[in-house]
Every structure is written in structure tokens, then in C-alpha cells.
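Listed below, chain by chain, are the residues.
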Amino acid sequence: MMFWRNEHIESRAEERLSQLAKSLGRRVTPPVPADHFIEHVLGLDFLWDEIEERAGEMILGAINTRDRQIVMNDSHAELFHQNKGLERFTKLHEAGHWDLLTDHASVDHPRLLGDDESGLVAFRHSRAGLLHVLKALCSSNEGVQYICDLNSRADDPDEKRVVNRYAGAVLIPRQLLRDDVDRRRPQAWPDVYRLAERYDVTATAMKVRLNQLGLVYIDERGTFHRSKAEAEGQQVLFG
């Protein structure tokens, strides 16, 4: 798998968002039209279908590379309904799989990252045919939290981090978020929920995006700080 640094992922997302603006004939504003982005910028279709899940697995979406489709697991339709922003994030997560990790020159062959399950990709079935699922998504004891937990660690060649970062960068463009924070810096959770509503994402995704961009730091206890360094010094932003 290609090594994608955070800045490279952000740049790719911004390149795609520029293409989205041209397709829309206007500048991109929140919430980013995820379906239009996927269909008109990436050239993918959508399909709702039941996806094979093995014991201990929770698969919300997958890629049918042969037909250039994002397949959403109809078995979890109620979960998507109950968790605002989860469907959009799942779609962009799978879009990141396609845009960053798929060898488009060989999509007609089931050899994305290996023909068996010894690599990064597992294969599952639906009526749509053979689907590619990132192994990092195949098992989850916490379901929604697992896919919404965008990893904000330093660069590493982990596929889940790559596609989650991509999803966050497209759904919550960094310059748009910076502009919003400049106008009103989040001081408490109601501010995070306000921003999440504006961008139509989960509060978890917004929290991690704020942390990723260093706009504010919210520690594991939910306390707000000006920065991670300040948090480590136990100084509270608003107390």
C-alpha cells in the first residue's frame, strides 16, 4: 500500500473538493454534498444490499470495484438512521478506499491488494458480487464508535487511518472549519454539536477533526484545552 502522509491526504481531498466546486458551479459550503461528490467527482455508484458478515464482524459498507459501486449494508439501515452523520461518513470512508488505495488499472480483476485474505483486504459477498472490505473494519466490539474514531496519531501506514482521514478531510474541509473556528471558537460540547450539525457529521468526527487540525484539543475526559501541549500541562481552556 502506498504510504499516505496526513498532508498528502489533505491535499488529495482538497484537489477533489476543487473538482466538486467545478461540478456544482459554485464554491463548496457545509454540508459537503457527499453523494454528488462520490457520483460526479469519483464516478462511483451506490447500492444498498445485505453484505455477508461473519462471526464478530460489523461491516457498514464495502467496495464493489468491478462495478465501481459503494455498497451500503442494508442490514444496518436502522443504525444509520439512529446515528446522524454515520451514513455520510461511511460512504466517504469507502470513497477513500477507492480514491487512495485501489489500483484503478486493474479493477476488473480481484487483485486489489492480494487475491486472498493475507493482506489488508478481506472479501465478502452480496448479491452485487464480490466486495472488498478493509480488514480493519471487519471486527468491532463498539460498532459505531469504531468507524467514527478518526485516528489523529502521527503518520503511520495504517489503512484505517488513511481512509478515515480522507473522509474527515472531504466532509470537514480544513479551511472551512478554520474559518468557522475563527468566528467562534468551540468552548464546550454544545459548540461541537453545533459544528457537527452544520457539517452533517457525527460529533465524534467533529471532535477528532478539531483535534487533528490543532484548532482546539478535547482530551479523553471531554475537557477543552487550547492545545494538546496545554492539556498535558493540565491547563484548562475555559474553567
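Lay out the nonpolar core in plain terms, naming residues and giving numbers.
Counting 50 residues, the largest nonpolar core has Phe37, Leu92, Tyr166, Leu177, Met206 and Leu210 as its most contacted members. If we skip the residues at most four places from it in the chain, Met206 touches Ile172, Leu177, Val192, Leu195, Ala196, Tyr199 and Val201.

Quick rundown of the pattern of salt bridges? Include the residues and the values.
Taken as a whole and judged by the stated rule, the model has 16 salt bridges. Between Glu10 and Arg165 there is a salt bridge whose closest N-O contact spans 2.9 Å. Highlighted residues: Glu10 in helix α1 (residues 6-24) and Arg165 in helix α6 (residues 159-171), separated in sequence by 155 residues. Residue Glu10 is classed as buried on the basis of its relative accessible area, which comes to 2%. With its nearest N and O atoms 3.0 Å apart, the salt bridge here joins Asp35 to Lys91. Here Asp35 is found in helix α2 (residues 34-41), whereas its partner Lys91 is found in helix α4 (residues 86-101), with 56 residues between them in sequence. Within the structure, one salt-bridge network assembled from shared partners comprises Arg12, Glu15, Arg16 and Asp99.

Quick one: what's the story with the side chain of Asn64, residue by residue and with numbers?
Position of Asn64 among the secondary structure elements: in strand β2 (residues 61-64). Only 3.2 Å separates the side chain of Asn64 from the side chain of Asp67, close enough to count as a polar contact.

So what's going on with the confidence of the model for the chain? Which residues, and what values?
On average, residues of the chain score 81 in pLDDT, and 74% of them reach the 70 mark or higher. The secondary-structure element of the chain with the lowest mean pLDDT is helix α5 (residues 144-148), recorded at 43, while α2 shows the highest, at 98. Contacts of residues 109-120 to residues separated by more than four positions or lying in other chains number 31 contacts, the stretch itself having pLDDT below 50. Confidence drops under pLDDT 50 across residues 136-157; counting only partners more than four residues distant or on other chains, this segment forms 63 contacts.

Pulling in residues and values, what's your account of the pairing of strand β3 (residues 69-73)?
With five of five residues buried, β3 lies mostly within the body of the structure. Alternating positions in β3 separate into two faces, Gln69, Val71 and Asn73 on one and Ile70 and Met72 on the other, with burial throughout. Across five bridges, strand β1 (residues 45-49) lies against β3 in parallel orientation. Note that in β3 the partner of Leu47 across the bridge is Val71. Of the strand pairs in this sheet, β2 and β3 are connected by four bridges, and their pairing is antiparallel. For Gly61, the partnering residue across the bridge sits in β3 and is Met72. Hairpin connection between β2 and β3: a loop of four residues separates the two successive antiparallel strands, and Arg68 in this loop has a positive phi of roughly 55°.

With reference to specific residues and values, describe the packing of α1 against α2.
Orientation of α1 relative to α2, taken along the N-to-C sense of each, is 95°, at an axis distance of 10 Å. In terms of orientation, α1 lies roughly perpendicular with respect to α2. Contact with α1, carried on its side by Arg16, Leu17, Gln19, Leu20, Ser23 and Leu24, involves His36, Phe37, His40 and Val41 of α2 and no other residues of that element. In terms of residue class, the contact of α1 with α2 is made up of five nonpolar, four polar and one charged.

Quick one: what's the story with unusual backbone geometry, residue by residue and with numbers?
Residue Pro31 is bonded to the preceding Pro30 through a cis peptide linkage, with omega at -5°. Residue position: Pro31 is located in the loop between α1 and α2. In this structure, Arg68 takes a positive phi of about 55° despite not being glycine. For Asp200, which is not glycine, the phi torsion reads 55° and is therefore positive. Positionally, Asp200 belongs in the loop between α8 (189-199) and α9 (203-212).

So, how was this worked out
- Each chain has its residues counted from 1, running along the sequence as written.
- The model is predicted, so local features are restricted to residues of pLDDT at least 70 and side-chain atom pairs to those at 80 or more, both for listing and for counting; the totals for chains, interfaces and linings are taken over all residues.
- Note that water and hydrogens are dropped before the side-chain values are worked out from all heavy atoms of the structure.
- Here the nonpolar core consists of buried residues drawn from Ala, Val, Leu, Ile, Met, Phe, Trp, Tyr and Cys, with membership extended through side-chain atoms lying within 4.5 Å.
- A 1.4 Å probe rolled over the protein chains alone gives each residue an accessible area, and that area as a share of the maximum for its type sets the label: buried under 20%, exposed over 50%, partly exposed in between.
- Every residue pair with non-hydrogen atoms within 4.5 Å of one another is taken to be in contact.
- Salt bridge, as used here, is a side-chain nitrogen of Lys or Arg placed within 4 Å of a carboxyl oxygen of Asp or Glu.
- Going along the chain from the N terminus, every DSSP run of H or I of four or more residues is numbered as a helix, and every run of E of two or more is numbered as a strand.
- Pairs of N or O atoms are called polar contacts if they sit within 3.5 Å, as long as, within protein, a hydrogen donor faces a hydrogen acceptor (for residues adjacent in sequence, only side-chain-to-side-chain pairs).
- Note: pLDDT gives the predictor's confidence per residue, expressed from 0 to 100.
- What makes two strands pair is DSSP finding at least two bridges between them.
- With axes taken as lines fitted to C-alpha atoms, and helix axes fitted only over the stretch in contact, angles between N-to-C directions fall between 0 and 180 degrees.
- For classification purposes, angles smaller than 35 degrees are called roughly parallel, those larger than 145 roughly antiparallel, those between 65 and 115 roughly perpendicular, and all remaining angles oblique.
- Amino acids outside the nonpolar list (Ala, Val, Leu, Ile, Met, Phe, Trp, Tyr, Cys, Pro) and the charged list (Asp, Glu, Lys, Arg) are all regarded as polar, and Gly is one of them.

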